[in-house]
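# Structural characterization, general
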Amino acid sequence: MPLARWWRGFAGLLLCLSALASLPLAAQPASVISTSTSAPASDPLVSATLTPERVAPGERAQLRITVLVPTFMPQPVAFPSFDHPNLCIELPSRATMPISQTVEGRTWSGVSRRYAVTPLAAGEFRLGPGMLEITYQDPEAGDTVTRTAPLAAQTLVVTVPEAAAGLSPYVAGTALTLEQRITVTRAEDAGEAAAETSVLERPEEPVLLTVGDSLQRELVVTLEGGSPLLLPSLIDATPLPTMAVHAASPTLTETANGGTRTERLTYIAQQGGPVTLPAIHLAWYDLARQRIDAASLPALSLDVTGGAGAAASLRARAATQGPAALAVVLIGVVLIVMGGVLFRRWGRPAWQRWRQHRRERREQDGRAALVQFERAVRARQLADSLNAWQALQARVPGLETVHRQEIERLLAMLGQQRYGVTGQSAMPSASAPDTWAALQRALPRAADLRQARLGPCLPPLNPRAS
């Protein structure tokens, strides 16, 4: 029994000693792991923020995306495209800027891009998710690598304020103004492009017009602190009983804090009498005061004079201009017919006589024979060339001896090549094309024929003694 107790005590002591000896061995790997995980990661860091996350239609929110790398980026970041119905997403001026931040004691560089997001309707909009393609230099390998980093989605909640719940259409901003410009063009000055222009903010008296005059009503709506995309059409283009109405396409201009919408409508007076152009009224929500406000322009009164008398004068003018135009057309037709008759009677015979005289002159001076000779040589017809050469010599006997001897020599060579004893076949020899080309170069020109007809201008400078 004492021996057994002693053995159990000795075994317990050995277990305690082994446990104490194993403690330093377990602590050593823990220090190595902490050292390896303390090194900063080399993957790009991507973050996105949307401020504010809740807006009203027409208010702008800002989406900012930040990309950081441990070294530098030799190429720009390929950002995803954000397209969503009822959202106007734009890049404002200087939207992308370089940045640098300290990450775990090291300086990282990158870029920051901001988007201006303007909702056009109420609802919940989700921007993203997306993927960014980032090219940078790997700090460990030193090579240029390209990584694809995910971009977290951002949610924009757009709600209409309770105070503007019944506003339709919804227009919001910090300030809104209405202006109109009236341009009157008189009918008698239309041909000279002269116009009488006046700006009428609150006209107290009717605008005087006559039948044929035109009036252009230009309306300019300026909105601050909101999007001009929400501005509706304010001018009614419904035709009037006594005036023709023509509408131009509206013009929209955006600025950093809002924008303007310009509309133009042209009225043309066709009958006399009073006319009233409708008033303009626009209700909008004031974001600064949190209430509904309104801007308006009064109705515009017009007094058109002339009536039936002016219309009758216009019809009379048209009636007088109609016969005059018809008379001009008839006179033109008569002149064309007379010109054709005169040409057939005298012009055509004279033209034919001139052509006949020109043909006879060409035959007499040898030009016609020279043309026939050139055609036969180009066609490489030996018989036709000989006949044309005989006709040319008959027409121009005074041709220079140099031309005459060279042409006769080449014609003789062609005859020998075709009909000589050495040529057993009817085909020309291998040198025949060269002979034809030399003959074509030796042909006289029209100036040579003219010189041959006139004779030598001067005697030879060095006559040979007989």
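Above this text sits the structure in question.
First things first, this report covers the structure right here in the doc. (Residues numbered from 1 in each chain as written. Predicted model: local features only at pLDDT ≥ 70, side-chain atom pairs only at ≥ 80, totals over all residues. Heavy atoms only, no water.)

## What about the sheet that holds strand 10 (residues 154-158)?
Pairing within the open sheet is mixed, and its three strands lie in the order 2-10-7. Strands with a single pairing partner mark the edges of an open sheet, and in this sheet they are strand 2 (54-55) and strand 7 (123-127). Direction of pairing for strand 2 relative to strand 10: parallel, over a ladder of two bridges. Residue pairing across strands places Val55 opposite Val158, the latter belonging to strand 10. (Pairing = 2+ DSSP bridges. Helix = DSSP H or I, 4+ residues; strand = E, 2+ residues; numbered from the N terminus.)

## Here's the deal with the sheet that holds strand 22 (residues 300-305)
Taken in spatial order, the three strands line up as 14-22-19 in an open sheet, and their pairing is mixed. Among the strands making up the open sheet, the edge pair consists of strand 14 (207-210) and strand 19 (273-277). Across this sheet, the average inter-strand angle for adjacent strands is 30 degrees, counted without regard to direction. Sheet topology note: the strand 14/strand 22 ladder contains four bridges and is parallel. Along strand 22, the bridge assignment pairs Leu208 with Asp303. (Axes fitted to C-alpha atoms, helices over the stretch in contact; angles between N-to-C directions.)

## Structural notes on the packing of helix 3 (residues 367-379) against helix 4 (residues 382-395)
Across the interface, helix 3 lies against helix 4 with an axial gap of 8 Å and an inter-helix angle of 160 degrees. The angle between helix 3 and helix 4 falls in the class roughly antiparallel. For the crossing formed where helix 3 meets helix 4, the hand is left-handed. Between helix 3 and helix 4, the residues in contact are Ala369, Leu370, Gln372, Phe373, Ala376 and Val377 and Asp384, Ser385, Ala388, Trp389, Ala391 and Leu392, respectively. For the contact of helix 3 with helix 4, a count of residues per class yields nine nonpolar, two polar and one charged. (Parallel < 35°, antiparallel > 145°, perpendicular 65-115°, else oblique. Left-handed = near helix turned anticlockwise from the far one by under 90°. Contact = heavy atoms within 4.5 Å. Nonpolar A, V, L, I, M, F, W, Y, C, P; charged D, E, K, R; others polar.)

## A few points about the packing of helix 3 against helix 6 (residues 432-442)
How two helices sit against one another is set out by the angle between their axes and by the gap between those axes. At their nearest, the axes of helix 3 and helix 6 sit 9 Å apart, and the two run at 160 degrees to each other. Taken together, the axes of helix 3 and helix 6 lie roughly antiparallel to each other. Like other packed secondary-structure pairs, helix 3 and helix 6 cross with a definite hand, here left-handed. Contact residues: Ala376, Val377 and Arg378 in helix 3; Trp436, Leu439 and Gln440 in helix 6. Looking at the contact of helix 3 with helix 6, its residues break down into four nonpolar, one polar and one charged.

## Digging into the side chain of Asp286
In this structure, Asp286 sits in strand 20 (residues 280-286). Exposure remark for Asp286: the relative accessible area of 5% places this residue in the buried category. Polar contacts involving the side chain of Asp286 include one to the main-chain amide nitrogen of Ala288, which spans 3.1 Å. In this view, Asp286 contacts Gly173, Thr174 and Arg291; residues no more than four positions away in its chain are not counted. (Buried < 20%, exposed > 50% of the residue type's maximum accessible area, 1.4 Å probe, protein only. Polar contact = N/O pair within 3.5 Å; in protein donor to acceptor, adjacent residues only side chain to side chain.)

## Observations concerning the environment of Asp138
With respect to the helices, strands and loops of the structure, Asp138 is situated in the loop between strand 8 (130-137) and strand 9 (144-151). Sequence separation of Asp138 and Met73 is 65 residues, and the distance between their C-alpha atoms is 9.9 Å. Among residues more than four places away in sequence, those in contact with Asp138 are Ser42, Asp143 and Val145.

## Points about the side chain of Thr135
Tracing the sequence through the fold places Thr135 in strand 8. A polar contact is formed between the side chain of Thr135 and the side chain of Thr146, at a distance of 3.2 Å. Beyond its immediate stretch of four places on either side in the chain, Thr135 contacts Met73, Pro74, Gln75, Thr144, Val145 and Thr146.

## So, the layout of surface pockets
In this model, the largest pocket occupies a volume close to 300 Å³. Taken together, 19 residues line the largest pocket, and the ones lying closest to its centre are Arg60, Pro92, Ala116, Thr255 and Ala256. Sorting the residues of the lining of the largest pocket by element identifies strand 3 (61-69) and strand 6 (106-119) as the ones contributing at least two each. Sorting elements by how many residues they give to the lining of the largest pocket places strand 6 first, with three residues. Looking at the lining of the largest pocket, its residues break down into six nonpolar, nine polar and four charged. (1 Å grid on protein atoms, 1.4 Å probe; cavity = no way out; pocket = protein on both sides within 12 Å on 5 of 7 lines; lining within 4 Å. Points joined across faces, edges and corners; volume = space filled by probe spheres on them.)

## A word on the packing of aromatic side chains
Under the counting rule described, the total for this entry stands at two aromatic pairs. On the basis of an interplanar angle of 75 degrees and a centroid distance of 5.2 Å, the ring pair of Phe82 and Tyr115 is categorised as edge-to-face. With Phe82 in the loop between strand 3 and strand 4 (87-90) and Tyr115 in strand 6, the pair connects residues that are 33 residues apart, well separated along the chain. The burial state of Phe82 is the same as that of Tyr115; both residues are buried. On the numbers, 5.8 Å between centres and 35 degrees between planes, the contact of Phe373 with Trp389 is tilted. (Phe/Tyr/Trp six-rings, centres within 6.5 Å; stacked < 30°, edge-to-face > 60°.)

## A short note on a nonpolar patch on the surface
On the surface, a nonpolar cluster with roughly 340 Å² of combined accessible area is contributed by Val329, Val333, Val337 and Val341. Inspection of the secondary structure assignment puts Val337 in helix 2 (residues 307-364). (Patch = residues over 30% accessible without salt bridge, like charges linked within 9 Å, V, L, I, M, F, W, Y side chains within 5 Å. Areas by Shrake-Rupley, 256 points an atom, 1.4 Å probe, with all protein chains shown as cover. Salt bridge = Lys/Arg side-chain N within 4 Å of Asp/Glu carboxyl O.)

## Brief notes about the nonpolar core
Core analysis: the largest hydrophobic core is formed by 30 residues, its most contacted members being Leu176, Leu178, Leu215 and Leu302. Setting aside chain neighbours within four positions, we find Leu215 in contact with Ile182, Thr183, Val184, Val207, Leu209, Leu265, Thr266, Tyr267, Leu277 and Leu302. Counting residues in hydrophobic clusters, the runner-up holds 25 residues, among them Ile65, Phe125, Tyr136 and Ala149. (Core = buried A, V, L, I, M, F, W, Y, C linked by side-chain atoms within 4.5 Å.)

## A short note on unusual backbone geometry
At the junction of Thr51 and Pro52, the peptide bond is cis and its omega measures out at -15 degrees in the coordinates. Relative to the elements of secondary structure, Pro52 occurs in the loop between strand 1 (45-51) and strand 2. With omega at -5 degrees, the peptide bond leading from Gly128 into Pro129 counts as cis. Inspection of the secondary structure puts Pro129 in the loop between strand 7 and strand 8. Positive phi values are uncommon outside glycine, yet Arg94 reaches one of about 55 degrees.

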